[in-house]
Amino acid sequence: MPSSCPVCGDGGAELVSAVVPFFDSFSISNKQLYHGRCKCGTTLNVDGYKEGVLNMGTYLVSHRLLAEYMMLFLQAGNSMYSFYELWGWRLMIENQSMLLRPSYSQFRLAWLSYLQLIEIKDEWFSCPHCGPHPNVVVCDGISLGYPKRYVRSNGSANAAEHILLKGNSSTDRTLGISAQVRKSVLKFMAKVDDVDVQSISSIAQGTCLEKIVTHASQANHIPDYWIDLLTNILKMSPITSVVNQQAIDDVVSLGSKLPDSRTIYVLQHNSPIFFNFAKYMCEEDCQLVLPICLRILEVFNKLQNHKPHDTGSAAEQHLCCLPMLPQLCGRGSYVADSLQPSKHSLSCSKVFHSSLTPGLFTLHCQHGICYGFQALDKVESPNTAFTIFRTRFPKAPSVIIYDNACHLHLYSLNRDPGFFKNTQFLVDKFHWKNHKGCSDAYNARLYPALAGVNTQVAEQSNSRLNRLRGTVSYMTECNFMKSVKLFVSYKNILQRATVGVKSSQEEEYVVRHRNIFGR
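The structure reproduced in this document is the subject of the present report.

## Let's talk about the overall build of the chain
Thinking step 1. The helix and strand inventory of the chain stands at 19 helices and 13 strands.
Thinking step 2. Relative to its full complement of 519 residues, the chain shows a buried share of 50%.
Thinking step 3. Within the chain, counting contacts between residues at least 6 apart in sequence, those at least 24 apart form 74% of the total.
Thinking step 4. On the chain, roughly 24,300 Å² of surface is accessible, and the fraction owed to carbon and sulfur atoms is 52%.

Following this line, the structure appears as structure tokens:
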């Protein structure tokens with residue numbers, strides 16, 4: 001009980017007692033509950049925290065009972081009602097009447113009050129190996145939402161000025177050839193019968209493809225390793241996704257010489273599409289591929305000249321739970337935002353519940369630690385990931401692994417190429433089979449450096465979140481965010497232990513809540 005009244009500050013209070021029911025895991029009993037009544041009329045209640053009791057005013061609930069439900073919620077995602085029914089049967093076994101239980105609404109209110117007392121440390125949402133801003137990020141969405149009627153406005157991630165900022169154009173990130181040349185060369189490689197080889201040579205004049213097209217038309221043949229390379233660089237994907245700048249610098253510096261062992265090593269680890277070409281190329285190919293490499297180098301140089309936009313500041317968004325990634329700046333308003341989207345929609349094609357919000361978007365490091373989540377008030381799209389990276393990272397991650405990475409790459413270059421110019425966008429191994437029209441360079445499986453990285457860690461983590469669907473899908477926004485945050489923090493504690501990292505605070509927390517964590 002408070003030593004003084006929080007209203008008038010008086011230290012004297014009249015003690016008043018009342019008999020209230022006390023609900024424990026295996027029994028129901030009556031307890032004498034004392035509370036103070038100040039002269040000003042304010043009631044001074046005992047919170048019961050030190051005694052392991054939650055004082056709900058007209059009834060008491062033991063922390064042990066609530067911790068039991070918490071354990072089942074965290075371990076298996078059990079619904080509150082199923083535990084409530086299980087508790088009733090347990091009381092019957094102990095010769096107690098389940099009719100003496102509080103109503104389900106009263107039990108639910110007690111749990112939500114207990115939930116607010118649980119301390120969740122921000123440090124549990126970061127990986128000591130990766131630091132506050134992971135260099136490799138694996139992200140994904142999950143359709144776990146709450147009722148739309150509880151949605152509050154999330155505010156704007158934009159600065160107040162709303163200055164329209166320019167991004168990168170398609171000609172700035174591709175080979176800069178016309179659609180006619182691109183389609184004709186692709187038809188020639190596909191050996192379409194009605195292709196006029198001479199006309200292809202004429203329309204390719206003055207482009208970086210002139211030498212290889214002329215050579216191929218004269219020989220009326222193009223080798224398979226050239227077909228693989230040209231197929232990827234002629235797609236509408238940014239050319240910077242196909243080859244690493246260091247690798248292209250090395251190739252250009254060699255001129256007409258074959259790549260040395262160092263260049264081959266760089267290509268193998270950073271540019272697998274070019275590596276497959278370099279394995280079979282001869283000295284004649286060096287002269288043919290050089291104009292293409294010079295054009296790619298020009299694209300890289302233009303990209304490097306871009307500086308990150310000044311996007312101003314914006315208020316923190318309440319639908320974001322990223323404790324170690326506070327909002328640093330606004331998203332910015334871009335010219336590309338007002339343009340009509342292409343015929344290939346960038347939005348997620350998942351089917352959502354009509355009365356629930358679209359779901360969550362989660363961020364993980366390569367060690368499986370979840371840095372937090374964003375509750376979606378709109379359908380998942382590249383804008384979700386773009387806004388998080390642009391507003392919460394001082395520097396863009398080196399690698400972003402996402403099932404829609406190809407569209408996210410385009411979306412980011414269209415808006416702030418200076419911020420994302422050194423970022424590699426990759427599609428995880430599980431979702432790559434669904435990608436047909438983008439460059440093979442987005443396939444994370446092709447990169448030896450990522451051989452030990454679980455690119456599906458976000459997908460696997462989100463599958464565990466699916467257990468909560470029956471429990472949190474009908475909560476209010478505040479209770480939904482707190483419940484998911486609790487579940488994620490618990491999984492992070494376990495994951496940090498598996499990677500050999502556990503702070504002293506985590507050790508104390510687990511010991512103090514041994515019955516909660518099932519240890």
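## Description of the side chain of R173
Thinking step 1. Within the secondary structure, R173 is located in the loop between strand 7 (164-165) and helix 4 (179-189).
Thinking step 2. Once you skip the residues sitting within four places of it in the chain, R173 turns out to touch N168, S237, P238, I239, V299, L410, L413 and N414.

## Examining the pattern of salt bridges
Thinking step 1. For the structure shown, the criterion picks out 10 salt bridges.
Thinking step 2. D250 serves as the salt-bridge partner of R262, at 2.7 Å between the closest nitrogen and oxygen. Of this pair, R262 sits in helix 9 (residues 261-270) while D250 sits in helix 8 (residues 245-254), and the two are 12 residues apart along the sequence.
Thinking step 3. Look at R262 and you get partly exposed, because its relative accessible area is 47%.
Thinking step 4. Between E298 and R295 there is a salt bridge whose closest N-O contact spans 3.4 Å. Placement of the pair is E298 and R295 together in helix 11 (residues 283-305), with a separation of three residues, close to one helical turn.
Thinking step 5. In the salt-bridge network here, residues are joined through shared partners; they are R295, E298 and K302.

## Notes on the pairing of strand 11 (residues 370-376)
For a regular strand, side chains alternate in direction, first toward one face of the sheet and then toward the other.
Thinking step 1. In terms of burial, strand 11 is a largely internal element, seven of the seven residues being buried.
Thinking step 2. For strand 8 (residues 320-321) and strand 11, the ladder comprises two bridges, and the chain directions are antiparallel. Residue pairing in the sheet places C321 in a bridge with F373 of strand 11.
Thinking step 3. Looking at chain direction, strand 10 (residues 359-365) and strand 11 are connected through six bridges and run antiparallel. When the bridges of strand 11 are listed, T362 appears paired with F373.
Thinking step 4. Adjacent in sequence and paired antiparallel, strand 10 and strand 11 are bridged by four residues, among which G368 carries a positive phi angle near 90 degrees.

## Description of the pairing of strand 6 (residues 136-142)
Thinking step 1. Counting buried residues in strand 6 gives seven out of seven residues, a clear majority hidden from the surface.
Thinking step 2. Of the two faces of strand 6, the one carrying V136, V138, D140 and I142 and the one carrying V137, C139 and G141 are both buried.
Thinking step 3. Looking at chain direction, strand 6 and strand 12 (residues 399-402) are connected through four bridges and run parallel. Bridge pairing links V138 to I401 in strand 12.
Thinking step 4. Both strand 6 and strand 10 contribute to a ladder of six bridges, which runs antiparallel. Paired with G141 across the strands is F361, a residue of strand 10.

## Structural notes on the nonpolar core
Thinking step 1. Ranked by internal contacts, the top residues of the largest apolar core, which has 57 residues, are L175, L209, W226, L230, F274, I292 and I296.
Thinking step 2. Examining the composition of this core, we find that nine residues originate from one element, helix 11, more than from any other.
Thinking step 3. Dropping the residues within four chain positions of it, W226 is found in contact with I212, F277, D285, L288, V289 and I292.

## So, the side chain of T423
Thinking step 1. Locating T423 in the fold gives a position in the loop between helix 14 (417-420) and strand 13 (424-426).
Thinking step 2. A polar atom in the side chain of T423 sits 2.8 Å from the backbone oxygen of P397.
Thinking step 3. Residues in contact with T423, not counting those within four places in the same chain, are A396, P397, S398 and I400.

## Some thoughts on helix 9
Thinking step 1. For helix 9, every residue scored as buried is listed here: T263, V266 and L267. The arc that holds every buried residue of helix 9, seen down its axis, measures 100 degrees, which confines them to one face. Turned more than 90 degrees away from the buried face of helix 9 sit S261 and Y265, all of them exposed.
Thinking step 2. Here the buried face of helix 9 lies against helix 8 and helix 10 (272-278).

## With respect to the sheet that holds strand 11
Thinking step 1. Pairing is mixed across the open sheet formed by six strands, whose spatial order is 8-11-10-6-12-13. Two strands in the sheet have a free side with no partner beyond their single neighbour: strand 8 and strand 13.
Thinking step 2. Strands in contact with helix 12 (residues 382-392) are strand 6, strand 8, strand 10, strand 11 and strand 12; relative to strand 10, the strand with the most contacts, it is inclined by about 50 degrees.
Thinking step 3. In the packing of helix 17 (residues 477-498) onto the sheet, contacts are made with strand 8, strand 10 and strand 11, and the angle to strand 11 comes to roughly 160 degrees.

## Overview of the packing of helix 1 (residues 63-76) against helix 17
Thinking step 1. At their nearest, the axes of helix 1 and helix 17 sit 10 Å apart, and the two run at 70 degrees to each other. Relative to helix 17, helix 1 is oriented roughly perpendicular. Between helix 1, through M70, F73, L74 and Q75, and helix 17, the contact on the second element is made entirely by S483, L486, F487, Y490 and K491.
Thinking step 2. For the contact of helix 1 with helix 17, the residue count by class is six nonpolar, two polar and one charged.

## Some remarks on helix 1
Thinking step 1. For helix 1, with 14 residues, the first-to-last C-alpha span of 20 Å sits near the 20 Å given by 1.5 Å per residue.
Thinking step 2. Two residues or fewer after helix 1 comes G77, characterised by a positive phi angle close to 70 degrees.

## With respect to a nonpolar patch on the surface
Thinking step 1. On the surface, L164, V335 and L339 cluster together into a nonpolar patch covering about 280 Å² of accessible area.
Thinking step 2. Owing to a relative accessible area of 55%, L339 belongs among the exposed residues under this scheme.

## Comments concerning the packing of helix 1 against helix 3 (residues 104-117)
Thinking step 1. For the pair helix 1 and helix 3, interaxial distance at closest approach is 11 Å and the crossing angle is 85 degrees. Viewed along their axes, helix 1 and helix 3 adopt a mutual orientation that is roughly perpendicular. Residues H63, L65, L66, A67, Y69 and M70 of helix 1 touch helix 3, and the partners they reach there are F107, A110, W111 and Y114.
Thinking step 2. Of the residues assigned to the contact of helix 1 with helix 3, the class counts are nine nonpolar, one polar and no charged.

## Let's talk about unusual backbone geometry
Residues other than glycine predominantly adopt negative phi, and peptide bonds predominantly adopt the trans conformation.
Thinking step 1. One non-glycine residue, N95, lies in the positive phi region at around 60 degrees.
Thinking step 2. Examined against the element boundaries, N95 turns out to sit in the loop between helix 2 (80-93) and helix 3.

## Re the environment of D310
Thinking step 1. By the secondary structure assignment, D310 is in the loop between helix 11 and strand 8.
Thinking step 2. Remark: the alpha-carbon pair of D310 and G330, spanning 20 residues in sequence, is separated by 8.7 Å.
Thinking step 3. From its side chain, D310 meets the backbone nitrogen of G312 in a polar contact 3.2 Å long.

What counts and what doesn't
Residues numbered from 1 in each chain as written. Predicted model: local features only at pLDDT ≥ 70, side-chain atom pairs only at ≥ 80, totals over all residues. Heavy atoms only, no water. Helix = DSSP H or I, 4+ residues; strand = E, 2+ residues; numbered from the N terminus. Buried < 20%, exposed > 50% of the residue type's maximum accessible area, 1.4 Å probe, protein only. Contact = heavy atoms within 4.5 Å. Areas by Shrake-Rupley, 256 points an atom, 1.4 Å probe, with all protein chains shown as cover. Salt bridge = Lys/Arg side-chain N within 4 Å of Asp/Glu carboxyl O. Pairing = 2+ DSSP bridges. Core = buried A, V, L, I, M, F, W, Y, C linked by side-chain atoms within 4.5 Å. Polar contact = N/O pair within 3.5 Å; in protein donor to acceptor, adjacent residues only side chain to side chain. Arc of directions from axis to C-beta. Axes fitted to C-alpha atoms, helices over the stretch in contact; angles between N-to-C directions. Parallel < 35°, antiparallel > 145°, perpendicular 65-115°, else oblique. Nonpolar A, V, L, I, M, F, W, Y, C, P; charged D, E, K, R; others polar. Expected span 1.5 Å × (residues − 1). Patch = residues over 30% accessible without salt bridge, like charges linked within 9 Å, V, L, I, M, F, W, Y side chains within 5 Å.

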